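Coordinate analysis (summary)
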Amino acid sequence: MAYTLAELAQHVNGRVVGDEACVIESVSTLDSGSDGSISFLTNPAYKKKLLKTSASAVILREADIDYCNVNAIVVEDPHSAYALIASLLYPATTKKHGIHDSAVVSENSQLPDSVWIDAGVIIGDDVVLGENVQISAGTVIESSVTIGNNSRILSNVTICHGTSIGEDALIHPGVVIGSDGFGQANNHGTWLKVPQLGNVVIGNDVEIGANTTIDRGAIEDTIIGNNVKLDNQIQVAHNVQIGAHTVISGCTGLAGSTRIGKHCAIGGAVTIVGHAEIADNVFITANSLVTNSINEPGVYSSGIPIDTNKNWQKNSIRFKQLDKLAKKIKQLEKQIELLEAKE
């Protein structure tokens, strides 16, 4: 696909600086830019690269226009504008409609003519698919699953019985949705499996990264709100609720019955203990351990930044000594108070 700079600027509500008739056919980094490509600048650290780029145009903020020697589209948020332009230049591949000969589809399921069911797909009883749903090779969809219009389920996904997925979903390879939650009851030293009787309910415009797992609820449902974006290899345990417009990075673990608010951003490898509640508009940095609820919006951290092993060992020893140190300080404070009282 190819568009003029004027057309792209209109698409992102931006302003062209330079040649509006410049034709853009591809995207690039500032380093790899070439004739016909467009790049973007969000990090001020890359302004030096902006001066040297060979891209035909760059998406940037008004404050950075003086550093640009090529055509530009000036916008408020270059990253979002880049996403819109990249999607325009590289539209999702539209597959043909129909059902592959090797697919196994229950006669009791409802599939409109506009769907595409790829090779080796298995679709169980009472499944309902919306218009233009795409199911890629090797995916298994168990009974009583519903999937909304224009959703794409990529290869080797497993969607267990009773799951509900909204419109415009994008489910990447290897995802498992609706598997049993980890419910175990200790019966005099022997573990008994607790039946997982809830389902998974996923809203509209949700993206789920490769090999992420979302467990069904124990009694009530696990709920993923509209426009939630989940990275790869995330564990979402039973009865978790994730509010709309929240984004979560890879390798994060959400224990059972966690409640996460709307418009949150959670970094990679974060662990949130069960039954914790996270307010709206909370940002949690990578490698944090959340052991209590967070009731106020803001940025939260708990991970310790990397250091040389020698310094880490010294600091680790000091950390273990903090309790003794605190007690000594209290004793000294009492002694000072006594001395001051005598004076």
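Residues numbered from 1 in each chain as written. Predicted model: local features only at pLDDT ≥ 70, side-chain atom pairs only at ≥ 80, totals over all residues. Heavy atoms only, no water.

Focus on the overall build of the protein chain
Note the cut-off: Strands here are runs of E lasting at least two residues and helices are runs of H or I lasting at least four, both read from the DSSP assignment and numbered beginning at the N terminus. A simple rule labels every residue: compare its accessible area, found with a 1.4 Å probe on the protein chains alone, to the largest value its type can have, and call it buried under 20%, exposed over 50%, or partly exposed in between. Residue contacts are counted whenever heavy atoms from the two residues lie within 4.5 Å of one another. Only the protein chains shown count as covering a residue, and every accessible area follows the Shrake-Rupley method with a 1.4 Å probe. The charge count treats Lys and Arg as positive and Asp and Glu as negative. His and the chain ends do not count. For charged residues, the charge sits on one atom: NZ in Lys, CZ in Arg, CG in Asp, CD in Glu.
Helix and strand counts for the protein chain stand at 5 helices and 38 strands. Structurally, the protein chain occupies a C-alpha span of about 90 × 65 × 35 Å along its principal axes. In the protein chain, which comprises 343 residues, the share counted as buried stands at 38%. Relative to all contacts within the protein chain whose residues are 6 or more apart in sequence, the contacts with residues 24 or more apart total 17%. Looking at the protein chain as shown, the accessible area adds up to about 19,000 Å², and 52% of this sits on carbon and sulfur atoms. Here the protein chain contributes 24 positive and 37 negative side-chain charges, whose respective centroids are spaced 17 Å apart.

Overview of the pattern of salt bridges
The test is simple: Salt bridges are defined by distance alone: a side-chain nitrogen of Lys or Arg within 4 Å of a carboxyl oxygen of Asp or Glu.
This structure, assessed with the given rule, holds 6 salt bridges. Between Asp205 and Lys229 there is a salt bridge, and its shortest N-O distance comes to 3.3 Å. With Asp205 in the loop between strand E23 (200–202) and strand E24 (207–208) and Lys229 in strand E27 (residues 229–230), the pair connects residues that are 24 residues apart, well separated along the chain. Relative accessible area serves as the criterion here: at 26%, Lys229 is assigned to the partly exposed category. Notably, a salt bridge pairs Asp323 with Lys327, separated by 3.4 Å at the nearest N-O pair. Placement of the pair is Asp323 and Lys327 together in helix H5 (residues 322–342), with a separation of 4 residues, close to one helical turn. According to the relative accessible area criterion, Lys327 is exposed, its value standing at 52%.

Quick notes on a nonpolar patch on the surface
To keep it simple, the criterion reads: Patch membership requires more than 30% relative accessible area and the absence of a salt bridge. Residues of like charge join within 9 Å; the nonpolar side chains Val, Leu, Ile, Met, Phe, Trp and Tyr join within 5 Å.
A surface patch of nonpolar side chains, amounting to about 410 Å² of accessible area, comprises Phe319, Leu322, Leu325 and Ile329. Looking at the nonpolar patch element by element, the count peaks at 3 residues for H5. The residue Leu322 is located in helix H5 in this model. The class for Leu322 is partly exposed, based on a relative accessible area of 43%.

So, the side chain of Gln134
Mapping Gln134 onto the fold places it in strand E13 (residues 134–135). Gln134 sits in the buried class, given a relative accessible area of 10%. When sequence neighbours within four positions are dropped, the list of residues in contact with Gln134 reads Lys95, Ser114, Trp116, Ser151, Arg152 and Ile153.

Focus: the pairing of strand E5 (residues 37–40)
As a reminder of what qualifies: For two strands to count as paired, DSSP must find a minimum of two bridges between them. Whether a crossover is right-handed depends on one test, that the path from the first strand over the helix to the second runs clockwise when the strands point away from the viewer.
Bridge count for strand E4 (residues 26–27) against E5 is 2 bridges, and the pairing is parallel. Its bridge partner being in E5, Ser26 is matched across the sheet by Ser37. Taken together, E5, helix H2 (residues 47–52) and strand E6 (residues 57–60) constitute a β-α-β crossover, and its handedness is right-handed.

A few points about the state of the cysteines
To be explicit about the condition: For the purposes of this analysis, a disulfide is any pair of cysteine sulfur atoms at a distance within 2.5 Å.
With the rule as written, the count across this model stands at 0 disulfides. Cys22 takes part in no disulfide bond, and the closest cysteine sulfur, belonging to Cys68, lies 11 Å away. No disulfide involves Cys264; its sulfur sits 20 Å from that of Cys251, the nearest cysteine.

As for unusual backbone geometry
Negative phi characterises most residues that are not glycine, and trans characterises most peptide bonds. Positive phi is not limited to glycine here, since Asp168 has a value of about 60 degrees. Despite not being glycine, His188 has its phi angle at roughly 55 degrees, a positive value. When you line up the elements, His188 lands in the loop between strand E21 (184–187) and strand E22 (190–193).

Description of the nonpolar core
Let me state the cut-off plainly: In this description, a nonpolar core means a group of buried Ala, Val, Leu, Ile, Met, Phe, Trp, Tyr and Cys residues linked to one another through side-chain atoms lying within 4.5 Å.
Ile147 and Ile272 are the most contacted members of the largest nonpolar core, which totals 47 residues. Sorting the residues of this core by element identifies E23 and strand E36 (282–284) as the ones contributing at least two each. Not counting chain neighbours up to four residues away, the residues in contact with Ile147 comprise Val128, Leu129, Gly130, Val133, Ile135, Ile141, Ile153, Ile159, Ile165 and Gly166. Grouped together as the second largest cluster of nonpolar side chains are 16 residues, Ala9, Val12, Cys22 and Ile73 included.

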